[in-house]
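# Observations on the three-dimensional arrangement
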Amino acid sequence: MSYDTLISLIGQFGYAALFLALWFGIIGLPIPDEVIVMTGGSVTSNGVLHMVPAFIVTYLGVISGLSLGYVLGRLLGATVLDKLRRKKKMDKYLVFSEKLILKYGSFSLCIGYFFPVIRHVLPYLMGLNKMSFRRYALLSYTTGLVWTTIFFILGRSVGSHVEEIGHLLYRDGIWVLSALFVALVLYHIIRDRI
């Protein structure tokens with residue numbers, strides 16, 4: 001699915017398309033979650049969807065996808081992990097995720113949200129390691145709310161440039177996000193003083 005297809009689906013099916021794109025993101029849709037969430041924000045700035053319902057649906061899509069990952073890890077356990085390990089591309093993400101868990105424990109969920117692919121691997125591993133769903137939901141849903149808010153607002157701010165910025169974020173992750181955040185803060189400070 002391309003960005004243009006996503007925009008078309010949102011135009012046709014509205015909130016449902018936004019939710020499903022994020023829910024199925026756990027199985028590796030070719031559009032990064034950052035782009036989908038920013039698109040949700042973007043389509044509210046041009047009036048295709050209303051902001052509050054779009055934000056709620058976007059957030060529910062994010063946490064539903066990550067909950068699915070947790071449940072699959074919990075129910076299918078090592079089977080999922082073995083399948084992931086067989087994919088050459090996934091090995092580096094598994095190793096990074098396992099290192100995060102060893103170093104930060106359950107708080108790796110909070111850190112991992114800001115790294116593409118890692119945010120999808122960690123729920124599997126947390127389910128596999130039998131973390132209680134209550135603790136998982138507390139950490140994951142809270143961080144998911146922050147993450148969704150950041151990217152949704154960013155999408156509203158950048159409008160039609162969502163695809164380019166999203167792919168840049170996907171590739172360079174947290175560094176680009178930090179630079180964009182600083183740039184946005186500086187922009188608002190300078191704009192208010194002029």
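As the structure is a prediction and not an experimental result, all values here were calculated from the model. (Residues numbered from 1 in each chain as written. Predicted model: local features only at pLDDT ≥ 70, side-chain atom pairs only at ≥ 80, totals over all residues. Heavy atoms only, no water.)

## A short note on the packing of helix 5 (residues 78–86) against helix 8 (residues 118–128)
Note the cut-off: Here an axis means a line fitted to C-alpha atoms, over the contact stretch when the element is a helix, while the angle between two N-to-C directions is reported on a 0 to 180 degree scale. Secondary structure elements are taken from DSSP: a helix is a run of H or I of four residues or more, a strand is a run of E of two residues or more, and numbering for both begins at the N terminus. We call a crossing left-handed when the near helix sits turned anticlockwise from the far one by less than a right angle, and right-handed when that turn is clockwise. By the convention used here, residues are in contact when the closest approach between their heavy atoms is within 4.5 Å. In this count, Pro and Cys sit with the nonpolar residues alongside Ala, Val, Leu, Ile, Met, Phe, Trp and Tyr, while Asp, Glu, Lys and Arg are called charged and the others, Gly among them, polar.
Where helix 5 contacts helix 8, the two axes come as close as 9 Å, and the packing angle between them is 145 degrees. The handedness of the crossing between helix 5 and helix 8 is left-handed. Between helix 5 and helix 8, the contacting residues are Ala 78, Val 80, Leu 81 and Leu 84 on the first element and Tyr 124, Leu 125 and Leu 128 on the second. A class-by-class count of the residues in the contact of helix 5 with helix 8 yields seven nonpolar, no polar and no charged.

## So, a nonpolar patch on the surface
Filter applied, for reference: Residues qualify for a patch when their relative accessible area is over 30% and they have no salt bridge, like charges being joined within 9 Å and the nonpolar side chains of Val, Leu, Ile, Met, Phe, Trp and Tyr within 5 Å. Residue-level accessible areas treat just the shown protein chains as cover; the underlying method is Shrake-Rupley with a 1.4 Å probe. Just to be clear on terms, a salt bridge is a Lys or Arg side-chain nitrogen sitting within 4 Å of an Asp or Glu carboxyl oxygen.
A surface patch of nonpolar side chains, about 410 Å² in accessible area, is lined by Val 182, Val 185, Leu 186, Ile 189 and Ile 190. Relative to the helices and strands, Ile 189 resides in helix 10 (residues 162–193).

## Notes on the pattern of salt bridges
Note the threshold: Exposed residues in this analysis have more than 50% of their type's maximum accessible area, buried residues have under 20%, and partly exposed residues fall in between, with area computed by a 1.4 Å probe over protein chains only.
Scanning all chains against the criterion turns up three salt bridges. Between Asp 33 and Arg 119 there is a salt bridge, with its nearest N and O atoms 3.6 Å apart. Of this pair, Asp 33 sits in helix 3 (residues 33–45) while Arg 119 sits in helix 8; the two residues are 86 residues apart in sequence, bridging distant segments of the chain. In this structure Asp 33 comes out as buried when scored by relative accessible area, which is 9%. Note that Glu 34 and Arg 119 form a salt bridge whose closest N and O atoms lie 2.3 Å from each other. Remark: Arg 119 occurs in helix 8 and Glu 34 occurs in helix 3; sequence separation between them is 85 residues. Since its relative accessible area comes to 2%, Glu 34 is described here as buried. Given the relative accessible area of 5%, Arg 119 is considered buried.

## Some words on the packing of aromatic side chains
To keep it simple, the criterion reads: Note on aromatic contacts: the rings of Phe and Tyr and the six-membered ring of Trp form a pair at centre separations within 6.5 Å, being stacked when their planes are under 30 degrees apart, edge-to-face when over 60 apart, and tilted otherwise.
What the rule picks out here adds up to nine aromatic pairs. Summarising the aromatic geometry, the rings of Trp 147 and Phe 151 are spaced 4.9 Å apart at their centres and angled 50 degrees between planes, so their arrangement reads as tilted. Of this pair, Trp 147 and Phe 151 are both found in helix 9 (residues 133–158), four residues apart, which corresponds to roughly one turn of the helix. On the basis of relative accessible area, Trp 147 is assigned to the buried category, the value being 1%.

## Remarks on helix 2 (residues 15–23)
Put simply, the rule is: Here the arc refers to the directions that run from the helix axis out to each C-beta atom.
For helix 2, the full list of buried residues reads Ala 17, Leu 18, Ala 21 and Leu 22. Taken around the axis of helix 2, the buried residues stretch over an arc of 125 degrees, which confines them to a single face. Looking at the packing, one finds that the buried side of helix 2 touches helix 1 (3–13), helix 3 and helix 4 (51–76).

## Description of the side chain of His 120
When you line up the elements, His 120 lands in helix 8. In this structure His 120 comes out as buried when scored by relative accessible area, which is 15%.

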